[in-house]
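Residues per chain, in single letters:
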Amino acid sequence: MTANREQKVEDVFTIQDSDCCGNGCTNCILDNKPRPSQRALLAGKRNIILKYTSFRLLQRETHSGDDQVLFLHFGNAAESDDKDDCVLDIPPGHHIMLRIGSLLRPYSPYWTDFASKEFKILVKLQPDGPMSQHLVAVQPNDRLEFRGPIGNYRHDSAVTKCIYIICQGVAVAPTLPLVGQVLENEDDMSRIWHLMCAPDLQHVYFRDQLLEFAKYWNYRSCLYVPHQQCGSDACLEAGHCRQECDELRRSLRYKERVCLHRLEANELKQHVAPAIPGLPVLIIAGDSGFQRAMGEAAAKALGVAQENVYLL
Ligand SMILES: Cc1cc2nc3c(=O)[nH]c(=O)nc-3n(C[C@H](O)[C@H](O)[C@H](O)COP(=O)(O)OP(=O)(O)OC[C@H]3O[C@@H](n4cnc5c(N)ncnc54)[C@H](O)[C@@H]3O)c2cc1C
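What you see is a predicted model, and the numbers here were worked out from it, not measured in a lab.

(A) View of the sheet that holds strand β10 (residues 161-168). Pairing is parallel across the open sheet formed by 6 strands, whose spatial order is β13-β12-β11-β10-β14-β15. The sheet is open, and its two edges are formed by β13 (258-259) and β15 (309-311), each paired on a single side. In terms of strand pairing, β10 meets strand β11 (residues 191-197) through 7 bridges, oriented parallel. Opposite Ile 163, over in β11, you have Ile 192 as the bridge partner. Packing of helix α4 (residues 175-183) onto the sheet brings it into contact with β10, β11, β12 (219-224) and β14 (279-285), and relative to β11 it is tilted by some 160 degrees. Contacting β10, β11, β14 and β15, helix α8 (residues 288-302) runs over the sheet at an angle of about 165 degrees to β14.

Here is the structure:
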(Lines give C-alpha, C1' and ligand atoms only; values in the text may rest on other atoms or scores of the structure.)
Protein backbone atom coordinates (compact mmCIF):
# COMPACT_ATOMS: atom_id res chain seq x y z
CA MET A 1 0.00 0.00 0.00
CA THR A 2 1.41 3.42 -0.90
CA ALA A 3 1.91 6.04 1.83
CA ASN A 4 -0.81 8.15 0.22
CA ARG A 5 -3.39 5.34 0.25
CA GLU A 6 -2.40 4.41 3.83
CA GLN A 7 -3.05 8.02 4.83
CA LYS A 8 -6.48 7.93 3.13
CA VAL A 9 -7.52 4.69 4.92
CA GLU A 10 -6.36 6.21 8.22
CA ASP A 11 -8.48 9.34 7.58
CA VAL A 12 -11.65 7.27 7.06
CA PHE A 13 -11.35 5.34 10.32
CA THR A 14 -9.99 8.02 12.63
CA ILE A 15 -12.66 8.98 15.15
CA GLN A 16 -12.23 12.02 17.36
CA ASP A 17 -14.24 13.27 20.34
CA SER A 18 -15.75 15.92 18.04
CA ASP A 19 -17.38 13.12 15.95
CA CYS A 20 -19.81 12.47 18.83
CA CYS A 21 -23.11 14.41 18.72
CA GLY A 22 -23.06 14.78 22.52
CA ASN A 23 -26.66 13.51 22.93
CA GLY A 24 -25.64 10.43 24.92
CA CYS A 25 -26.68 7.90 22.23
CA THR A 26 -26.66 4.29 23.45
CA ASN A 27 -24.55 3.30 20.46
CA CYS A 28 -22.17 6.25 20.39
CA ILE A 29 -19.88 6.59 17.37
CA LEU A 30 -16.90 6.68 19.79
CA ASP A 31 -17.64 3.04 20.79
CA ASN A 32 -19.02 1.83 17.45
CA LYS A 33 -16.86 3.33 14.79
CA PRO A 34 -17.91 2.82 11.17
CA ARG A 35 -16.08 -0.20 9.70
CA PRO A 36 -15.89 -1.69 6.20
CA SER A 37 -18.87 -3.99 5.75
CA GLN A 38 -18.53 -7.65 4.82
CA ARG A 39 -21.09 -7.11 2.06
CA ALA A 40 -19.11 -4.28 0.48
CA LEU A 41 -15.87 -6.27 0.76
CA LEU A 42 -17.51 -9.27 -0.94
CA ALA A 43 -18.66 -7.00 -3.76
CA GLY A 44 -15.08 -5.70 -4.02
CA LYS A 45 -16.35 -2.16 -3.55
CA ARG A 46 -15.97 0.66 -1.06
CA ASN A 47 -18.81 1.61 1.28
CA ILE A 48 -19.26 5.23 0.30
CA ILE A 49 -20.63 6.42 3.64
CA LEU A 50 -17.62 5.42 5.80
CA LYS A 51 -16.49 9.04 5.73
CA TYR A 52 -18.73 12.12 5.48
CA THR A 53 -20.28 12.01 2.02
CA SER A 54 -22.61 14.37 0.25
CA PHE A 55 -26.12 13.09 -0.50
CA ARG A 56 -28.72 14.94 -2.56
CA LEU A 57 -32.32 15.13 -1.38
CA LEU A 58 -34.35 13.35 -4.10
CA GLN A 59 -37.78 13.55 -2.51
CA ARG A 60 -39.42 15.18 0.48
CA GLU A 61 -42.89 14.30 1.73
CA THR A 62 -44.79 15.16 4.88
CA HIS A 63 -46.77 12.56 6.74
CA SER A 64 -50.49 12.92 6.03
CA GLY A 65 -52.05 14.51 9.07
CA ASP A 66 -48.77 15.63 10.72
CA ASP A 67 -46.57 18.17 8.95
CA GLN A 68 -43.92 17.77 11.67
CA VAL A 69 -43.07 14.31 10.31
CA LEU A 70 -41.03 14.13 7.10
CA PHE A 71 -40.07 11.29 4.79
CA LEU A 72 -36.71 12.18 3.23
CA HIS A 73 -35.18 10.23 0.33
CA PHE A 74 -31.47 10.81 -0.40
CA GLY A 75 -29.14 9.69 -3.20
CA ASN A 76 -25.37 9.89 -3.42
CA ALA A 77 -24.38 13.21 -4.94
CA ALA A 78 -20.98 12.08 -6.29
CA GLU A 79 -20.25 12.99 -9.88
CA SER A 80 -16.66 11.74 -9.91
CA ASP A 81 -15.29 8.84 -12.01
CA ASP A 82 -14.89 6.46 -9.07
CA LYS A 83 -18.67 6.48 -8.48
CA ASP A 84 -19.02 2.88 -9.75
CA ASP A 85 -16.41 1.56 -7.32
CA CYS A 86 -18.72 2.30 -4.43
CA VAL A 87 -21.84 0.91 -2.80
CA LEU A 88 -23.93 2.06 0.12
CA ASP A 89 -24.16 -0.42 2.98
CA ILE A 90 -26.11 0.56 6.10
CA PRO A 91 -26.91 -2.75 7.85
CA PRO A 92 -30.30 -3.15 9.58
CA GLY A 93 -30.33 -1.59 13.05
CA HIS A 94 -27.50 0.85 12.30
CA HIS A 95 -27.77 4.63 12.17
CA ILE A 96 -25.89 7.36 10.34
CA MET A 97 -24.74 10.80 11.43
CA LEU A 98 -25.94 13.95 9.69
CA ARG A 99 -23.53 16.89 9.83
CA ILE A 100 -24.43 20.50 9.11
CA GLY A 101 -21.51 22.73 10.04
CA SER A 102 -20.55 21.60 13.54
CA LEU A 103 -24.06 20.30 14.34
CA LEU A 104 -24.32 16.49 14.40
CA ARG A 105 -27.44 14.33 14.81
CA PRO A 106 -28.04 10.59 14.28
CA TYR A 107 -30.80 9.23 12.00
CA SER A 108 -31.83 5.64 11.28
CA PRO A 109 -32.64 4.73 7.66
CA TYR A 110 -35.73 2.60 7.08
CA TRP A 111 -34.75 1.76 3.49
CA THR A 112 -31.37 1.55 1.78
CA ASP A 113 -30.32 0.58 -1.73
CA PHE A 114 -26.86 -0.96 -1.94
CA ALA A 115 -26.22 -0.40 -5.66
CA SER A 116 -27.98 2.92 -6.35
CA LYS A 117 -26.57 4.37 -3.08
CA GLU A 118 -29.88 5.75 -1.90
CA PHE A 119 -31.52 5.73 1.51
CA LYS A 120 -34.67 7.03 3.22
CA ILE A 121 -35.23 8.38 6.71
CA LEU A 122 -38.32 9.36 8.66
CA VAL A 123 -37.82 12.54 10.67
CA LYS A 124 -39.90 13.93 13.49
CA LEU A 125 -39.16 17.63 13.80
CA GLN A 126 -38.64 18.79 17.39
CA PRO A 127 -39.90 22.28 18.32
CA ASP A 128 -36.87 24.58 18.61
CA GLY A 129 -34.50 21.69 17.89
CA PRO A 130 -31.35 22.95 16.12
CA MET A 131 -31.30 20.22 13.44
CA SER A 132 -35.07 20.36 13.02
CA GLN A 133 -34.73 24.01 12.06
CA HIS A 134 -32.46 23.00 9.19
CA LEU A 135 -34.54 20.00 8.13
CA VAL A 136 -37.84 21.86 8.04
CA ALA A 137 -36.39 24.00 5.23
CA VAL A 138 -34.57 21.30 3.27
CA GLN A 139 -35.74 20.98 -0.36
CA PRO A 140 -35.15 18.55 -3.26
CA ASN A 141 -31.63 18.92 -4.74
CA ASP A 142 -30.20 20.26 -1.47
CA ARG A 143 -27.07 18.40 -0.42
CA LEU A 144 -26.43 17.12 3.08
CA GLU A 145 -23.49 15.19 4.53
CA PHE A 146 -23.87 11.80 6.24
CA ARG A 147 -21.46 9.29 7.75
CA GLY A 148 -21.82 5.79 9.21
CA PRO A 149 -22.92 3.07 9.65
CA ILE A 150 -22.93 3.15 13.45
CA GLY A 151 -24.32 0.36 15.64
CA ASN A 152 -23.73 -3.11 16.99
CA TYR A 153 -26.79 -5.13 15.94
CA ARG A 154 -26.00 -8.36 14.11
CA HIS A 155 -28.44 -11.02 12.98
CA ASP A 156 -27.22 -14.54 12.23
CA SER A 157 -29.94 -16.29 10.22
CA ALA A 158 -28.40 -19.68 11.06
CA VAL A 159 -29.56 -19.31 14.69
CA THR A 160 -33.34 -19.57 15.11
CA LYS A 161 -34.63 -16.84 17.39
CA CYS A 162 -37.77 -15.43 18.99
CA ILE A 163 -37.25 -11.74 18.27
CA TYR A 164 -39.33 -9.29 20.30
CA ILE A 165 -39.20 -5.75 18.90
CA ILE A 166 -40.68 -2.92 20.96
CA CYS A 167 -40.70 0.48 19.33
CA GLN A 168 -42.12 3.94 19.85
CA GLY A 169 -43.27 6.58 17.35
CA VAL A 170 -40.85 7.33 14.51
CA ALA A 171 -38.44 4.75 15.92
CA VAL A 172 -40.51 2.10 14.13
CA ALA A 173 -38.45 3.17 11.07
CA PRO A 174 -35.14 1.41 11.89
CA THR A 175 -37.02 -1.76 12.87
CA LEU A 176 -38.42 -2.27 9.33
CA PRO A 177 -35.14 -3.45 7.77
CA LEU A 178 -34.61 -5.78 10.76
CA VAL A 179 -37.99 -7.40 10.15
CA GLY A 180 -37.50 -7.48 6.36
CA GLN A 181 -34.13 -9.20 6.76
CA VAL A 182 -35.76 -12.13 8.60
CA LEU A 183 -38.98 -12.45 6.61
CA GLU A 184 -37.37 -12.21 3.18
CA ASN A 185 -35.00 -15.08 3.96
CA GLU A 186 -36.94 -18.32 3.47
CA ASP A 187 -34.29 -20.28 5.34
CA ASP A 188 -34.59 -18.08 8.43
CA MET A 189 -36.85 -19.86 10.93
CA SER A 190 -36.87 -16.97 13.44
CA ARG A 191 -40.19 -15.50 14.55
CA ILE A 192 -40.94 -11.86 15.16
CA TRP A 193 -43.26 -10.14 17.63
CA HIS A 194 -43.45 -6.48 16.61
CA LEU A 195 -45.01 -4.25 19.30
CA MET A 196 -45.52 -0.61 18.37
CA CYS A 197 -46.38 2.23 20.73
CA ALA A 198 -47.96 5.42 19.37
CA PRO A 199 -50.53 7.88 20.72
CA ASP A 200 -53.15 6.85 18.11
CA LEU A 201 -53.52 5.11 14.75
CA GLN A 202 -52.75 8.32 12.86
CA HIS A 203 -49.26 8.24 14.38
CA VAL A 204 -48.56 4.63 13.48
CA TYR A 205 -46.18 5.02 10.54
CA PHE A 206 -45.70 2.52 7.68
CA ARG A 207 -49.02 0.76 8.19
CA ASP A 208 -48.96 -0.50 4.58
CA GLN A 209 -45.55 -2.06 5.12
CA LEU A 210 -46.70 -3.65 8.38
CA LEU A 211 -49.64 -5.21 6.54
CA GLU A 212 -47.21 -6.73 4.03
CA PHE A 213 -45.23 -8.22 6.93
CA ALA A 214 -48.46 -9.68 8.35
CA LYS A 215 -48.67 -12.02 5.33
CA TYR A 216 -45.71 -14.02 6.65
CA TRP A 217 -46.18 -17.06 8.90
CA ASN A 218 -43.47 -15.94 11.33
CA TYR A 219 -44.64 -12.35 11.99
CA ARG A 220 -47.07 -11.04 14.61
CA SER A 221 -47.73 -7.48 15.62
CA CYS A 222 -49.74 -5.38 18.03
CA LEU A 223 -50.33 -1.62 18.05
CA TYR A 224 -50.57 0.09 21.44
CA VAL A 225 -52.59 3.29 20.91
CA PRO A 226 -53.80 4.60 24.29
CA HIS A 227 -55.06 7.95 22.92
CA GLN A 228 -57.11 6.61 20.00
CA GLN A 229 -60.30 8.67 20.17
CA CYS A 230 -63.41 8.84 18.00
CA GLY A 231 -66.21 11.35 18.52
CA SER A 232 -68.84 8.97 19.97
CA ASP A 233 -70.32 9.89 23.36
CA ALA A 234 -69.26 6.61 24.98
CA CYS A 235 -65.61 6.91 23.83
CA LEU A 236 -65.43 10.59 24.73
CA GLU A 237 -66.64 9.70 28.18
CA ALA A 238 -64.10 6.84 28.47
CA GLY A 239 -61.28 9.22 27.43
CA HIS A 240 -60.31 6.96 24.50
CA CYS A 241 -61.92 4.47 22.13
CA ARG A 242 -63.18 1.30 23.72
CA GLN A 243 -62.19 -2.13 22.40
CA GLU A 244 -65.76 -2.66 21.09
CA CYS A 245 -65.95 0.75 19.36
CA ASP A 246 -67.43 0.40 15.83
CA GLU A 247 -65.51 3.43 14.54
CA LEU A 248 -62.26 1.84 15.72
CA ARG A 249 -63.11 -1.48 14.05
CA ARG A 250 -63.79 0.34 10.76
CA SER A 251 -60.39 2.05 10.88
CA LEU A 252 -58.51 -1.22 11.38
CA ARG A 253 -57.13 -3.14 8.43
CA TYR A 254 -56.69 -6.85 7.81
CA LYS A 255 -55.00 -8.63 10.74
CA GLU A 256 -54.30 -5.38 12.64
CA ARG A 257 -54.45 -5.93 16.38
CA VAL A 258 -54.74 -2.96 18.75
CA CYS A 259 -54.55 -2.45 22.49
CA LEU A 260 -56.05 0.75 23.83
CA HIS A 261 -53.68 1.22 26.73
CA ARG A 262 -49.99 1.91 27.24
CA LEU A 263 -47.74 -1.09 26.89
CA GLU A 264 -46.62 -2.20 30.33
CA ALA A 265 -43.56 -4.41 30.57
CA ASN A 266 -45.29 -6.88 32.91
CA GLU A 267 -47.98 -7.71 30.31
CA LEU A 268 -45.31 -8.79 27.83
CA LYS A 269 -45.44 -12.29 29.29
CA GLN A 270 -48.59 -12.86 27.23
CA HIS A 271 -46.49 -12.73 24.08
CA VAL A 272 -44.13 -15.47 25.27
CA ALA A 273 -44.83 -18.88 23.76
CA PRO A 274 -42.56 -21.39 25.54
CA ALA A 275 -43.41 -24.14 23.05
CA ILE A 276 -41.91 -22.09 20.19
CA PRO A 277 -38.20 -22.85 19.81
CA GLY A 278 -35.63 -20.09 19.45
CA LEU A 279 -33.16 -17.91 21.30
CA PRO A 280 -35.05 -14.95 22.83
CA VAL A 281 -33.79 -11.60 21.56
CA LEU A 282 -35.16 -8.17 22.52
CA ILE A 283 -34.78 -5.02 20.42
CA ILE A 284 -35.96 -1.68 21.79
CA ALA A 285 -36.18 1.34 19.51
CA GLY A 286 -37.17 4.69 20.95
CA ASP A 287 -35.74 7.68 22.75
CA SER A 288 -33.56 7.18 25.82
CA GLY A 289 -36.52 7.61 28.22
CA PHE A 290 -38.42 4.82 26.46
CA GLN A 291 -35.35 2.58 26.40
CA ARG A 292 -34.85 3.12 30.15
CA ALA A 293 -38.53 2.54 30.97
CA MET A 294 -38.78 -0.64 28.89
CA GLY A 295 -35.30 -2.15 28.78
CA GLU A 296 -34.73 -4.07 31.99
CA ALA A 297 -38.37 -4.86 32.80
CA ALA A 298 -39.13 -6.13 29.29
CA ALA A 299 -36.03 -8.34 29.22
CA LYS A 300 -37.10 -9.86 32.54
CA ALA A 301 -40.73 -10.39 31.47
CA LEU A 302 -39.68 -12.01 28.19
CA GLY A 303 -36.82 -14.02 29.68
CA VAL A 304 -34.14 -12.44 27.48
CA ALA A 305 -30.49 -12.55 28.60
CA GLN A 306 -28.85 -9.09 28.81
CA GLU A 307 -26.38 -9.95 26.04
CA ASN A 308 -29.34 -10.47 23.68
CA VAL A 309 -30.91 -7.07 24.36
CA TYR A 310 -30.25 -4.41 21.71
CA LEU A 311 -31.13 -0.74 22.19
CA LEU A 312 -31.24 1.04 18.83
C1 LIG B 1 -29.40 6.38 17.43
C2 LIG B 1 -30.42 7.48 17.14
C3 LIG B 1 -31.16 7.41 15.97
C4 LIG B 1 -32.11 8.40 15.70
N5 LIG B 1 -32.85 8.28 14.57
C6 LIG B 1 -33.82 9.20 14.32
C7 LIG B 1 -34.66 9.08 13.16
O8 LIG B 1 -34.54 8.16 12.33
N9 LIG B 1 -35.62 10.04 12.99
C10 LIG B 1 -35.79 11.10 13.88
O11 LIG B 1 -36.67 11.90 13.67
N12 LIG B 1 -34.99 11.23 14.94
C13 LIG B 1 -34.02 10.33 15.18
N14 LIG B 1 -33.20 10.49 16.26
C15 LIG B 1 -33.28 11.76 17.00
C16 LIG B 1 -32.47 12.80 16.20
O17 LIG B 1 -31.09 12.50 16.25
C18 LIG B 1 -32.62 14.25 16.72
O19 LIG B 1 -32.50 14.27 18.11
C20 LIG B 1 -33.97 14.85 16.31
O21 LIG B 1 -34.07 14.93 14.89
C22 LIG B 1 -34.09 16.29 16.85
O23 LIG B 1 -32.93 17.00 16.54
P24 LIG B 1 -32.84 18.54 16.93
O25 LIG B 1 -31.42 18.99 16.82
O26 LIG B 1 -33.84 19.30 16.14
O27 LIG B 1 -33.32 18.60 18.43
P28 LIG B 1 -32.56 18.01 19.70
O29 LIG B 1 -31.71 19.09 20.29
O30 LIG B 1 -31.86 16.72 19.35
O31 LIG B 1 -33.80 17.64 20.59
C32 LIG B 1 -34.71 18.64 21.08
C33 LIG B 1 -35.52 18.00 22.19
O34 LIG B 1 -36.35 16.95 21.68
C35 LIG B 1 -36.07 15.71 22.34
N36 LIG B 1 -36.16 14.66 21.31
C37 LIG B 1 -35.31 14.46 20.28
N38 LIG B 1 -35.74 13.42 19.52
C39 LIG B 1 -36.88 12.97 20.09
C40 LIG B 1 -37.80 11.94 19.79
N41 LIG B 1 -37.64 11.13 18.72
N42 LIG B 1 -38.88 11.77 20.59
C43 LIG B 1 -39.07 12.56 21.68
N44 LIG B 1 -38.23 13.57 22.02
C45 LIG B 1 -37.16 13.77 21.24
C46 LIG B 1 -34.68 15.85 22.89
O47 LIG B 1 -34.48 15.00 24.02
C48 LIG B 1 -34.65 17.34 23.26
O49 LIG B 1 -35.25 17.54 24.52
C50 LIG B 1 -32.28 9.49 16.58
C51 LIG B 1 -31.53 9.57 17.76
C52 LIG B 1 -30.64 8.55 18.05
C53 LIG B 1 -29.86 8.62 19.34
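(B) Highlighting the nonpolar core. Counting residues in each nonpolar core, the largest one holds 40 residues, and the members touching the most others are Leu 122, Ile 192, Phe 206, Tyr 219 and Ile 283. Sorting the residues of this core by element identifies β3 (66-76), β10, α4, β11, α5 (207-213), β12 and β14 as the ones contributing at least two each. Both of domain 1 (10-150) and domain 2 (161-311) provide at least three residues apiece to this core. Not counting residues within four places of it along the chain, the set of residues in contact with Phe 206 comprises Phe 71, Tyr 110, Leu 122, Val 172, Ala 173 and Leu 176. Among the nonpolar cores identified, the runner-up in size contains 23 residues, and Ile 49, Leu 57, Tyr 107 and Phe 119 belong to it.

(C) Broad picture of the pattern of salt bridges. The tally for this structure, following the rule as stated, stands at 8 salt bridges. Note that Arg 99 is salt-bridged to Glu 145, the shortest N-O span being 3.0 Å. In this pair, Arg 99 is assigned in strand β5 (residues 95-100) and Glu 145 in strand β9 (residues 143-150), connecting sequence segments 46 residues apart. For Glu 145, a relative accessible area of 30% puts it in the partly exposed group. Notably, a salt bridge pairs Glu 212 with Lys 215, separated by 2.9 Å at the nearest N-O pair.

Criteria and cut-off values
Residues numbered from 1 in each chain as written. Predicted model: local features only at pLDDT ≥ 70, side-chain atom pairs only at ≥ 80, totals over all residues. Heavy atoms only, no water. Pairing = 2+ DSSP bridges. Helix = DSSP H or I, 4+ residues; strand = E, 2+ residues; numbered from the N terminus. Contact = heavy atoms within 4.5 Å. Axes fitted to C-alpha atoms, helices over the stretch in contact; angles between N-to-C directions. Core = buried A, V, L, I, M, F, W, Y, C linked by side-chain atoms within 4.5 Å. Buried < 20%, exposed > 50% of the residue type's maximum accessible area, 1.4 Å probe, protein only. Domains from an automatic or database assignment. Salt bridge = Lys/Arg side-chain N within 4 Å of Asp/Glu carboxyl O.

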